[in-house]
Amino acid sequence: MLKENLAQVEKNIEAACKKAGRDRSEVTLVAVSKTKPVSMLQEIYDEGIRDFGENKVQEIEAKYPELPKDIRWHMIGHLQRNKVKHVIDKACLIHSVDSYRLAEEINIQAKKKNLVIPILVEVNIADEESKFGISKEDAMELVKQISELENLRIQGLMTIAPFVEDPEENRTYFRGIKQLSVDIASKNIDNVSMNVLSMGMTGDYMVAIEEGATIVRVGTGIFGARNYNK
Ligand SMILES: *Cc1c(COP(=O)(O)O)cnc(C)c1O
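From a predicted model like this one, the values you see are computed outputs, not experimental measurements.

Quick notes on the overall build of the protein
- Secondary structure summary: the protein contains 9 helices and 8 strands in total.
- For 230 residues, the compact-globule estimate of 2.2 N^0.38 gives 17 Å, and the protein sits close to it at 17 Å.
- Its C-alpha atoms give the protein principal-axis dimensions of about 45 × 40 × 35 Å.
- The buried share of the protein, taken over its 230 residues, is 50%.
- Considering only contacts within the protein whose residues lie at least 6 apart along the sequence, 59% involve residues at least 24 apart.
- Accessible surface, the protein: about 11,200 Å² in total, of which carbon and sulfur atoms supply 47%.
- With 32 positive and 36 negative side-chain charges, the protein shows a separation of 3 Å between the mean positions of the two kinds.

Some thoughts on the site of the ligand
- Taken together, the neighbourhood of the ligand is formed by Val-32, Lys-34, Ile-76, Ile-160, Met-201, Thr-202, Arg-217, Val-218, Gly-219, Thr-220 and Arg-226.
- Contact between the ligand and Thr-202: an oxygen atom at 2.4 Å from a side-chain N or O atom of the residue.
- Summarising the interface, the protein chains cover 90% of the accessible area of the ligand, which totals 390 Å² for the free molecule.
- Within the shell around the ligand, the residues separate by chemical class into 5 nonpolar, 3 polar and 3 charged.

Notes on the pairing of strand E2 (residues 51-54)
- Both faces of E2 are covered, namely the face carrying Asp-51 and Gly-53 and the face carrying Phe-52 and Glu-54.
- The parallel pair strand E1 (residues 28-32) and E2, bridged by helix H2 (residues 38-46), forms a crossover whose chirality is right-handed.
- As judged from the 4 bridges shared by E2 and strand E3 (residues 72-75), these two strands associate in the parallel manner. Bridged to Glu-54 within E3 is Met-75.

The rules behind each value
Residues numbered from 1 in each chain as written. Predicted model: local features only at pLDDT ≥ 70, side-chain atom pairs only at ≥ 80, totals over all residues. Heavy atoms only, no water. Helix = DSSP H or I, 4+ residues; strand = E, 2+ residues; numbered from the N terminus. Rg over C-alpha atoms; globule rule 2.2 N^0.38 Å. Buried < 20%, exposed > 50% of the residue type's maximum accessible area, 1.4 Å probe, protein only. Contact = heavy atoms within 4.5 Å. Areas by Shrake-Rupley, 256 points an atom, 1.4 Å probe, with all protein chains shown as cover. Lys, Arg positive; Asp, Glu negative; His and termini not counted. Charge placed at Lys NZ, Arg CZ, Asp CG, Glu CD. Near = heavy atom within 4 Å. Polar contact = N/O pair within 3.5 Å; in protein donor to acceptor, adjacent residues only side chain to side chain. Nonpolar A, V, L, I, M, F, W, Y, C, P; charged D, E, K, R; others polar. Right-handed = clockwise from strand over helix to strand, strands pointing away. Pairing = 2+ DSSP bridges.

Shown next, in the form of structure tokens:
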């Protein structure tokens, strides 16, 4: 079943790329495997997937030793400062940096381990109260502040769009994030590139790709519905 799901997602990604006149290689599929057992991750790994997304540090820590070492782990969930030290040497990219305090802690822990950590700044594009992320208005200032931290590299922006029935409703938000990334890039800030746009989930990744996503984060579409009661 996972194999068929993945094949369908891949087909959709190719179709969206084609529609937007983009090359398939411009978009990375991150398989969001939170709550799913390592056996399912292995199944997808065997199909060629190397990018996995988790939203809890504990879950990355638990799965990391169980699976092949060439997996690229993406930290996509809200990150507490006291957990930073457990994840910075395992994650290839932290998508969810939304405050200077968090960035500072990542910088401190990165220095201790002599690492330079790639991060994205999470933007709450629709200003939803239920969501983490810096407001669009404050994003530029946060990027400037974080750019001063030596052991971090800002690579772009991440957003979680609202949950909607019709993905077209999110097009304007994806477009807004893309524009914001272009505005930030035009400032030529040291240590900052805007090459990565992490946006689009199961319900709306095709629209996100049409609007410039370079990473889509797909969970349900590959692994099926999540059961949080287990
Ligand atoms: C769970 C999650 C996803 C995947 O959501 P689906 O709708 O299952 O594709 C993507 N991004 C983040 C940040 C998530 O927490």
